[in-house]
Amino acid sequence: MATPDSQWKYVDDVGKEQGPFSFNQMLEWYHQGFFRPHMKVRLIGPSPDNPSLNEFGPISERFPAKDKKKEEIVAPEKEETKESKPAEETTTNATEEIQQAVEQQSEGVEKEKEVEQEPEPQVVEVEKREESSWLYLDEDGKEQGPFPLHRMQIWFRAGYFGTNTRVKRVKTEKEQEPTAKEQEKDTTKQDETEKEKDEEKEKVADEVGNEKDKTQVKESEEKEQDQEKSDKETGSEKQSDKEKES
């Protein structure tokens, strides 16, 4: 049986293992709706009476049901750390980002209500969107999360995030994949780079060829000069021989 001092871990909505957190903390979050019944949790440490608690299983099977007479909102508990991580420039103000997310969600609810109020039934195709995940920087400058948007909204409304709390949305796998335009841009850039390299090679080859031609012309001129000099010397010798014979 789990005790109030026992430590637990859970797997969040993006498949990342979080924790450890105390039994009481996990219980409070579960009762406040931060964890869905199928959320996987496991006990940290030995459990001779029930070894299966050390394996991940649904939280609904390991934590008592919510007492409807008691309703409280528990602040997010940060993980202990020895080193602080500086705030990143890419994070933004919690008040602005989470408020904007809340407004967008509210607009979506209003649109759904308008559809429901139509006198005649209509088939509305709604694109299923994956809930966004968010990170935030705690008071020590350490990055916490990722946490799903609905949980960040609850903490934000309860006032557990200051106006200067820095938050950042985590990109989904789809957003991390390059778009067709980006791929086309990269391909064009590679083609341009290859073309520049080919032009540079041709330029170097032309310069080498010109230098070779200049060398050949110079050698030819030197040969002609040597031949003229040799002919002059031969002519002088013949003239000298004629004079002697005379």
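Residues numbered from 1 in each chain as written. Predicted model: local features only at pLDDT ≥ 70, side-chain atom pairs only at ≥ 80, totals over all residues. Heavy atoms only, no water.

### Here we look at the overall build of the chain
Heads up, the condition is: By definition, any uninterrupted DSSP run of H or I lasting at least four residues is a helix, any uninterrupted run of E lasting at least two residues is a strand, and each is numbered from the N terminus. When a residue's accessible area, from a 1.4 Å probe over protein chains only, is under 20% of the maximum for its type it is buried; when over 50% it is exposed; and in between it is partly exposed. It only takes one pair of heavy atoms within 4.5 Å for two residues to be counted as in contact. Areas reported here follow the Shrake-Rupley algorithm with a probe of radius 1.4 Å; residue values treat only the protein chains shown as occluding.
Scanning the chain from N- to C-terminus turns up 5 helices and 8 strands. Ordered by position from the N terminus, the helices and strands of the chain form the series β-β-α-β-β-β-α-β-β-α-β-α-α. Counting all 246 residues of the chain, 25% fall into the buried class. By sequence separation, contacts in the chain at least 24 residues apart represent 62% of the contacts at least 6 residues apart. For the chain, the exposed surface amounts to about 19,100 Å²; the carbon and sulfur share of it is 46%.

### Quick notes on unusual backbone geometry
Here G19 and P20 are connected by a cis peptide whose omega angle stands at 10 degrees. Looking at the element boundaries, P20 is found in strand β2 (residues 17-22). A cis geometry characterises the amide bond from G145 onward to P146, with omega recorded as 10 degrees. Tracing the sequence through the fold places P146 in strand β7 (residues 143-148).

### A few points about the sheet that holds strand β3 (residues 40-44)
This is how it is decided: Strands are labelled as partners when DSSP assigns at least two bridges between them.
Taken in spatial order, the 4 strands line up as β2-β1-β3-β4 in an open sheet, and their pairing is antiparallel. Edge positions in the open sheet fall to β2 and β4 (57-58), since each of these has one partner strand only. Relative to β3, strand β1 (residues 7-11) runs antiparallel, the two being bridged by 4 bridges. Bridged to Q7 within β3 is I44.

### Description of helix α3 (residues 149-157)
Within α3, 7 of the 9 residues are buried, leaving the element largely enclosed by the surrounding structure. Along α3, the residues that are buried comprise L149, H150, R151, M152, Q153, W155 and F156. A positive backbone phi angle near 85 degrees is found at G159, which sits one or two residues after α3.

### As for the packing of aromatic side chains
Formally: Put simply, two rings from Phe, Tyr or Trp (the six-membered ring, in Trp's case) pair if the centres are within 6.5 Å, and we call them stacked under 30 degrees between planes, edge-to-face over 60, tilted for the rest.
Taken as a whole, this structure holds 13 aromatic pairs when the rule is applied. Taking 4.8 Å as the distance between ring centres and 15 degrees as the angle between the ring planes, the aromatic pair formed by F23 and F63 counts as stacked. Remark: F63 occurs in the loop between β4 and β5 (92-93) and F23 occurs in helix α1 (residues 23-31); sequence separation between them is 40 residues. Each member of the pair, F23 together with F63, is buried. Look at W29 and F35: their rings are 5.9 Å apart centre to centre, the planes differ by 85 degrees, and that puts the pair in the edge-to-face class. For the pair formed by W29 and F35, the shared burial category is buried. Taken together, Y10, F21, W29, F34, F35, Y136, F147, W155 and F161 form an aromatic cluster joined through their ring pairs.

### Brief notes about the confidence of the model for the chain
Quick reminder of the rule: As a per-residue measure, pLDDT reflects the predictor's confidence and takes values from 0 up to 100.
Averaged over all residues, the pLDDT of the chain is 75; the fraction at 70 or higher stands at 69%. Contacts from residues 81-89, a stretch scored under 50 in pLDDT, to residues over four places away or in other chains number 12 contacts. Across residues 123-127, confidence stays below pLDDT 50; counting only partners more than four residues off in sequence or on other chains, it has 1 contact.

### Focus on the side chain of S132
Using the following cut-off: For the purposes of these results, a polar contact is taken to be a pair of N or O atoms within 3.5 Å, where, inside protein, one atom must be able to donate a hydrogen and its partner to accept one; residues adjacent in sequence count only when each atom of the pair is a side-chain atom.
Take S132: it is sitting in the loop between α2 (94-116) and β6 (133-137). A polar contact is formed between the side chain of S132 and the side chain of W134, at a distance of 3.0 Å. The contact partners of S132, leaving out residues within four places of it in the chain, are F147, P148, L149 and R169.

### Notes on the pairing of β7
The buried count for β7 comes to 5 of 6 residues, which makes it a mostly enclosed element. Across 4 bridges, β6 lies against β7 in antiparallel orientation. If you follow Y136 over to β7, its bridge partner there is Q144. Taken together, β6 and the strand that follows it, β7, pair antiparallel across an intervening segment of 5 residues, in which G141 is found at a positive phi of about 80 degrees.

### Observations concerning the nonpolar core
Rules: We call a set of buried Ala, Val, Leu, Ile, Met, Phe, Trp, Tyr and Cys residues a nonpolar core when their side-chain atoms join them within 4.5 Å.
Membership of the largest hydrophobic core comes to 25 residues, with the highest contact counts inside it found for W8, Y10, M26, F35, F63, M152 and W155. If you list the elements that add at least two residues to this core, you get β1, α1, β3, β6 and α3. Tallying contributions element by element places α1 first for this core, with 5 residues. For F35, the contacting residues outside a window of four places in its chain are Y10, M26, W29, Y30, I59 and R151.

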